Amino acid sequence: MSKIKVAVIGVGHLGQHHARVYAQLPEAELAAVVDNDFSAAQKFGKKFGCQALADYREILGKVEAVSLVVPTPLHFSIGKELLSAGLHVLIEKPLASSLEEAEELIALAQQKNSILQVGHIERFNSGLVETRKYISRPRFIEANRLGPYDPRTSHIGVILDLMIHDLDIVLQLVNSRIETIEADAAEVFSGHEDIAKVRLRFANGCIADLSASRISLEKFRKIRIFQPDSYISLDYIRQELKIYRKKASVAQVKSLTDIEVLRPKLKSQETFTGRTETFSGMRPDR
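Quick summary incoming for the structure in this document. Keep in mind that what you see is a predicted model, and the values were worked out from it rather than measured. (Residues numbered from 1 in each chain as written. Predicted model: local features only at pLDDT ≥ 70, side-chain atom pairs only at ≥ 80, totals over all residues. Heavy atoms only, no water.)

Our focus in this paragraph is the environment of A196. Inspection of the secondary structure assignment puts A196 in strand 9 (residues 195-202). The spacing of A196 and E27 is 169 residues in sequence and 40 Å in space, taken between C-alpha atoms. Residues contacting A196, with those up to four places away along its chain left out, are V158, I159, M163, D184, A185, L210, S211 and A212. (Helix = DSSP H or I, 4+ residues; strand = E, 2+ residues; numbered from the N terminus. Contact = heavy atoms within 4.5 Å.)

This is the structure:
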């Protein structure tokens, strides 16, 4: 298969990693990096051996796929232009600022027969990949994602900034229709919610409690899953996975000796590569 010509629009905190991974992938050819801060584009263009541009419109007709890694308010307008030009687009989460904008992007991608993918990097976290092996019937899930305030993301609320990861993960793990949503949030530092708590009730009986805050002094990323025979705890930051489960030979737990504790070793892996390989591997026949 010929190499896929790609470009990265926005080479800031995350975009530079998209460019780095594309430059390393044997299936891809990083043709250009684009940033309205042309000095940043030049820096990474030189680093990865590709063209540096200040205007994303210059890549139209020259590449097949694009990673769009710009502030969320620009996702819709730029994404719409890229899809209209027939490009395949990977947009960093969140897909758009509103449900209406997201649905319009999806409809346009379908109309153009283009791939539109959201960059949910946590899906490829090595801890979560391993955790999925032990999940069968989750009945209760608790997810906490806290961190210090970051002015870079003050243009969106903490739900689209942080909780969106756990919403995506929980929907995958439970794989059932949501019946009710309860949510509370508060503004503290920005003009959007900076702390939020959400409870999801699913049709299969599972309940998920999610908390997100960007006014914490330290980062905290953890998910706990409870199911009929086990309790699973994953610490994303420490990359620690623990499984407490009833021994197979035990009908009912009567003492701690009836419980086995597993601490699987987590493989170190490049989560950006996992995500990008999924994207490049989805290229349709032409």
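What follows covers the nonpolar core. I141, V170, L210 and I223 are the most contacted members of the largest nonpolar core, which has 26 residues in total. Counting residues per element, this core draws most heavily on helix 6 (residues 158-174), which supplies seven residues. Sequence-distant contacts of I223, defined by excluding residues within four places in its chain, comprise I141, E142, A143, I169, L173, I232, S233, L234 and Y236. Counting 24 residues, the second largest nonpolar core, distinct from the first, contains I9, I59, L83 and A96. (Core = buried A, V, L, I, M, F, W, Y, C linked by side-chain atoms within 4.5 Å. Buried < 20%, exposed > 50% of the residue type's maximum accessible area, 1.4 Å probe, protein only.)

Moving on, we come to the sheet that holds strand 3 (residues 51-53). Taken in spatial order, the six strands line up as 3-2-1-4-5-6 in an open sheet, and their pairing is parallel. Edge positions in the sheet fall to strand 3 and strand 6 (116-119), since each has one partner strand and no second. Neighbour-to-neighbour, the strand axes of this sheet turn through a mean angle of 25°, independent of strand direction. Relative to strand 6, strand 5 (residues 88-92) runs parallel, the two being bridged by four bridges. Looking at the pairing, L90 lines up with Q117 of strand 6. Contacts from helix 3 (residues 75-84) reach strand 1 (4-9), strand 4 (65-68), strand 5 and strand 6 within the one sheet, and its direction differs from that of strand 4 by about 180°. (Pairing = 2+ DSSP bridges. Axes fitted to C-alpha atoms, helices over the stretch in contact; angles between N-to-C directions.)

Once that is clear, we can look at the packing of aromatic side chains. A full pass over the atoms with the stated rule returns five aromatic pairs. Judged by centre distance (5.4 Å) and plane angle (70°), the ring pair of Y149 and F189 falls under edge-to-face. With Y149 in the loop between strand 7 (140-146) and helix 6 and F189 in the loop between strand 8 (178-186) and strand 9, this pair connects stretches of sequence that are 40 residues apart. Assessed through its relative accessible area of 53%, F189 is described here as exposed. (Phe/Tyr/Trp six-rings, centres within 6.5 Å; stacked < 30°, edge-to-face > 60°.)

In this section: the environment of F38. As for its position among the elements, F38 is in helix 2 (residues 38-48). When its relative accessible area of 35% is taken as the criterion, F38 is described as partly exposed. What F38 contacts, discounting residues up to four positions off in sequence, is A52, L53 and A54.

Moving on to the pattern of salt bridges. A full pass over the atoms with the stated rule returns 16 salt bridges. One salt bridge connects R152 with D150, and the closest N-O pair in it is separated by 2.9 Å. Its relative accessible area of 49% is what places R152 among the partly exposed residues. The partner of E179 in a salt bridge is R177, with the nearest N and O atoms 3.8 Å apart. When salt bridges that share partners are traced, they join K93, D161, D194 and R214 into one network. (Salt bridge = Lys/Arg side-chain N within 4 Å of Asp/Glu carboxyl O.)

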